[in-house]
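Below are the chains, spelled out letter by letter.
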Amino acid sequence: MKDFCIVGSGLAGSTIAHLLSKKYSVEIFDKARGPGGRASNRRHKNNLSFDHGLQYISPKTLKFKKFILELKRKKIVKEWSGCHLDFTFKKKESLKKYIGTKGNNDICKYLIKNIKSNFLSTVTNIKFNSDHWTITVNAKDKFYFKNLILTCPFPQLKKISSRYLNRKILNHDPHMQPNITVMVAYNKTKKIPINSIKFNDQIIAWASQENTKNRFVTSRSLWTIQCTEKFSKKFINLLKLNKRKYQLLILKKFEKLTGFKNKNVVFKSIHGWKYAFSLNTTRIESIWLNKTKLGICADWFKGSKAEDSWSSANSLYSEIKKNPHKKIRV
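Since the structure is predicted, the reported quantities are computational estimates derived from the model, not experimental observations.

Chemist: What's the story with helix H8 (residues 306-322) in this structure? I'm lost.
Modeler: Helical geometry note: an α-helix holds 3.6 residues per turn, so side chains three or four residues apart project in the same direction. Helix length check: H8, at 17 residues, gives a terminal C-alpha distance of 25 Å against a target of 24 Å (1.5 Å per residue), a fit within 8%. Summarising burial for H8: 13 of the 17 residues are buried, a large majority. Phi turns positive one or two residues past the end of H8, at Asn 323, with a value near 60°.

Chemist: Could you clarify how one ought to interpret the environment of Lys 63 in this entry?
Modeler: Note that Lys 63 resides in helix H2 (residues 62-73). Lys 63 gets classed as exposed once you look at its relative accessible area, which sits at 66%. Sequence separation of Lys 63 and Glu 307 is 244 residues, and the distance between their C-alpha atoms is 9.9 Å.

Chemist: Help me understand the layout of surface pockets in this model?
Modeler: In this approach, a probe sized like a water molecule rolls over the atoms, and the result shows the empty space that is left. By volume, the second largest pocket is sized at about 200 Å³. As for the second largest pocket, its lining consists of Thr 15, His 18, Leu 19, Lys 22, Phe 67, Glu 70, Leu 71, Lys 74, Tyr 110, Leu 111, Trp 310 and Asn 314. Secondary structure elements with two or more residues in the lining of the second largest pocket: helix H1 (11-20), H2, helix H3 (106-111) and H8. Its residues assigned to classes, the lining of the second largest pocket comprises six nonpolar, three polar and three charged.

Chemist: What should I look at first to understand the packing of aromatic side chains in this one?
Modeler: For any two aromatic rings, the description comes down to two numbers: the centre-to-centre distance and the angle of the planes. Going through the model one piece at a time under the given rule, you end up with 21 aromatic pairs. Taking the centre distance of 5.0 Å and the plane angle of 55° together, the rings of Phe 29 and Phe 143 count as tilted. Residue Phe 29 is located in strand E2 (residues 26-29), and its partner Phe 143 is located in strand E11 (residues 141-150); the two are separated by 114 residues in the primary sequence. Where Tyr 56 meets Trp 80, the ring centres are 6.2 Å apart and the plane angle is 50°; that geometry is what we call tilted. Placement of Tyr 56 in the loop between strand E4 (48-51) and H2 and of Trp 80 in the loop between strand E5 (77-79) and strand E6 (84-86) is noted, with a sequence separation of 24 residues between them. For Tyr 56, a relative accessible area of 23% corresponds to the partly exposed category. Residue classification places Trp 80 among the buried positions, given a relative accessible area of 3%. An aromatic cluster is built from Tyr 186, Phe 199, Trp 223, Phe 254 and Phe 260, whose rings are joined through pairwise contacts.

Chemist: Can you walk me through the nonpolar core in this structure?
Modeler: Among soluble globular proteins, nonpolar side chains are generally buried collectively. By size, the foremost hydrophobic cluster in this structure holds 33 residues, and its most contacted members are Ile 6, Ile 16, Leu 20, Ile 68, Ile 107 and Ile 149. Only strand E1 (2-7), H1, E2, H2, H3 and H8 provide two or more residues apiece to this core. Among residues more than four places away in sequence, those in contact with Ile 16 are Ile 6, Ile 149, Cys 297, Ala 313, Leu 316 and Tyr 317.

Chemist: Explanation requested: the pattern of salt bridges in the structure shown.
Modeler: Between side chains of opposite charge, a pair can form as their charged atoms come close. Per the stated rule, a full pass over the model turns up 13 salt bridges. Lys 253 is the salt-bridge partner of Asp 201, the closest N and O atoms lying 2.9 Å from each other. Here Asp 201, found in the loop between strand E13 (196-198) and strand E14 (204-209), pairs with Lys 253, found in helix H7 (residues 243-258); they are 52 residues apart in sequence, far enough to count as distant. There is no split in this pair, since Asp 201 and Lys 253 are both buried. Where Glu 210 meets Lys 213, a salt bridge forms, and the shortest distance between an N and an O atom there is 3.0 Å. Since its relative accessible area comes to 1%, Lys 213 is described here as buried. A single salt-bridge network, built from bridges that share partners, covers Asp 51, Glu 210, Lys 213 and Arg 215.

Chemist: Hey, could you run me through H7 in this one?
Modeler: Along its 16 residues, H7 runs 22 Å from first to last C-alpha, staying within 8% of the 22 Å computed at 1.5 Å per residue. Within H7, burial applies to Tyr 246, Gln 247, Ile 250, Leu 251, Lys 253 and Phe 254. For H7, the angular spread of buried residues about the axis comes to 160°, placing them on one side. What points out from H7, more than 90 degrees from its buried face, is the exposed set Arg 244 and Lys 256.

Chemist: How should I be thinking about a positive patch on the surface in this particular structure?
Modeler: A cluster of basic residues, Lys 31, Lys 159, Lys 240, Lys 243 and Lys 274, forms a positive patch at the surface. By secondary structure assignment, the location of Lys 274 is in strand E16 (residues 265-278). Using a relative accessible area of 45% as the deciding quantity, one classes Lys 274 as partly exposed.

Chemist: Is there a simple way to think about the sheet that holds E16 in this case?
Modeler: Working definition: the strands of a sheet are paired by backbone hydrogen bonds and lie parallel or antiparallel to each other. Taken in spatial order, the six strands line up as E6-E13-E14-E15-E12-E16 in an open sheet, and their pairing is mixed. Edge positions in the sheet fall to E6 and E16, since each has one partner strand and no second. Averaged over all adjacent pairs, the angle separating strand axes in this sheet is 15°, with direction ignored. Bridging between strand E12 (residues 176-186) and strand E15 (residues 221-227) involves six bridges; their strand directions are antiparallel. Paired with Tyr 186 across the strands is Ser 221, a residue of E15. Packed onto the sheet, H7 meets E12, E14, E15 and E16 and runs at close to 105° relative to E16.

Conventions used here
- Counting from 1, residues in each chain are numbered in the order their sequence is written.
- Reporting in this predicted model follows two pLDDT cut-offs: at least 70 for local features of residues, and 80 or more for side-chain atom pairs to be given and counted; totals over whole chains, interfaces and linings ignore these cut-offs and use all residues.
- For side-chain calculations, the full set of non-hydrogen atoms in the structure is used, while hydrogens and water are omitted.
- Strands are runs of DSSP state E lasting at least 2 residues, helices are runs of H or I lasting at least 4, and numbering of each runs from the N terminus.
- Every helix has an expected span of 1.5 Å times one less than the residues it contains.
- Burial status follows relative accessibility: with a 1.4 Å probe on protein chains alone, a residue under 20% of its type maximum counts as buried, one over 50% as exposed, and anything between as partly exposed.
- A cavity here means a set of 1 Å grid points, computed over protein atoms only, where a 1.4 Å probe fits but cannot escape. A pocket is an open set with protein on both sides within 12 Å along at least 5 of 7 lines, and lining residues have an atom within 4 Å of a point.
- Grid points are joined across faces, edges and corners, and a volume is the space filled by probe spheres set on the points.
- When residues are grouped by polarity, Ala, Val, Leu, Ile, Met, Phe, Trp, Tyr, Cys and Pro land in nonpolar, Asp, Glu, Lys and Arg in charged, and all others, Gly among them, in polar.
- Under the pairing criterion, centres of Phe, Tyr and Trp rings, with the six-membered ring standing for Trp, must be within 6.5 Å; the plane angle then separates stacked pairs below 30 degrees from edge-to-face pairs above 60, leaving the rest tilted.
- Nine residue types can take part in a nonpolar core, namely buried Ala, Val, Leu, Ile, Met, Phe, Trp, Tyr and Cys, and a core is a set of them joined through side-chain atoms within 4.5 Å.
- By definition, residues are in contact when any of their heavy atoms lie within 4.5 Å.
- Put simply, a salt bridge is a Lys or Arg side-chain nitrogen that is within 4 Å of an Asp or Glu carboxyl oxygen.
- Picture the helix axis, draw a direction to every C-beta atom, and the arc is the one those directions span.
- Patches draw on residues past 30% relative accessible area with no salt bridge. Two like charges within 9 Å are joined, as are two nonpolar side chains (Val, Leu, Ile, Met, Phe, Trp, Tyr) within 5 Å.
- For every accessible area listed, the method is Shrake-Rupley and the probe measures 1.4 Å; residues are considered covered only by the protein chains on display.
- Charge counting treats Lys and Arg as positive and Asp and Glu as negative, with His and both chain ends excluded.
- Taken as the charge location is NZ of Lys, CZ of Arg, CG of Asp or CD of Glu.
- Between any two strands, pairing holds if DSSP finds at least two bridges.
- Every axis corresponds to a line fitted to the C-alpha atoms, with the helix fit spanning only the stretch in contact, and the corresponding angles, defined between N-to-C directions, vary from 0 to 180 degrees.

The following block contains the structure:
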């Protein structure tokens with residue numbers, strides 16, 4: 001029986017798995033095809049790809065900056081410098097932008113490279129049995145662990161573990177917000193020296209030119225387009241019913257904003273993140289319930305950034321080392 005089961009391989013899951021693996025046996029389960037969570041990278045053709053979740057990292061705290069700079073030294077991440085336009089004219093932060101060398105899931109890949117990871121493996125049930133956890137995967141396969149760490153979005157956390165959490169935790173609502181993202185490649189389109197654009201628009205909030213990340217050389221122009229909070233919230237539940245309709249609507253608006261002609265599109269794909277980020281925060285960074293050996297870490301405790309995921313995982317690791325059983329205040 002292994003020591004720790006980690007559910008999720010996003011930055012929170014990968015970080016806590018990496019930290020625990022220095023001392024304990026660890027295994028990861030994730031419903032996705034590969035690691036990264038919302039830092040996913042979508043392959044288009046050969047080495048052409050899109051970062052269709054997390055766009056970049058800008059460290060704010062000294063500890064996280066030190067972590068990122070060490071990854072830069074190891075060539076896991078690199079700076080994404082260039083022209084970043086902002087038509088919202090909001091106050092700009094003079095923070096450097098970092099991206100994965102090959103994709104924004106590179107950090108997660110690096111952290112769990114020596115840890116057994118099971119993908120396309122959805123945890124459908126968890127049960128605590130006095131001194132260990134029984135984990136059911138894909139509604140049929142059972143695994144046994146001494147400890148369990150959950151890193152999923154809050155709505156999914158409630159669904160799978162509500163009987164093990166107190167009322168204060170269950171009543172907390174981080175207001176998880178959706179995001180709709182379109183990935184598009186253009187042929188016969190002149191590439192422009194712009195890394196990203198923040199729009200003042202009702203449909204499109206942000207667009208990133210993947211070519212500027214210097215991961216590949218191609219005559220095609222690749223863009224990742226992320227929609228506004230209002231648009232995503234309105235249509236996220238309708239997206240599965242007619243992806244083509246909303247994809248066309250977004251690309252028509254992008255054509256109007258940039259002049260990139262839809263007739264030159266050679267690849268397009270749309271993805272909906274139902275729980276992309278949170279609007280509310282808690283007073284804590286993680287939860288460790290010593291009685292049941294259940295831990296929870298995720299970005300929604302403190303915000304929506306990659307740094308929040310990393311900080312939450314480090315907070316949980318500190319609590320596990322202390323091994324306390326405290327009352328949790330949210």
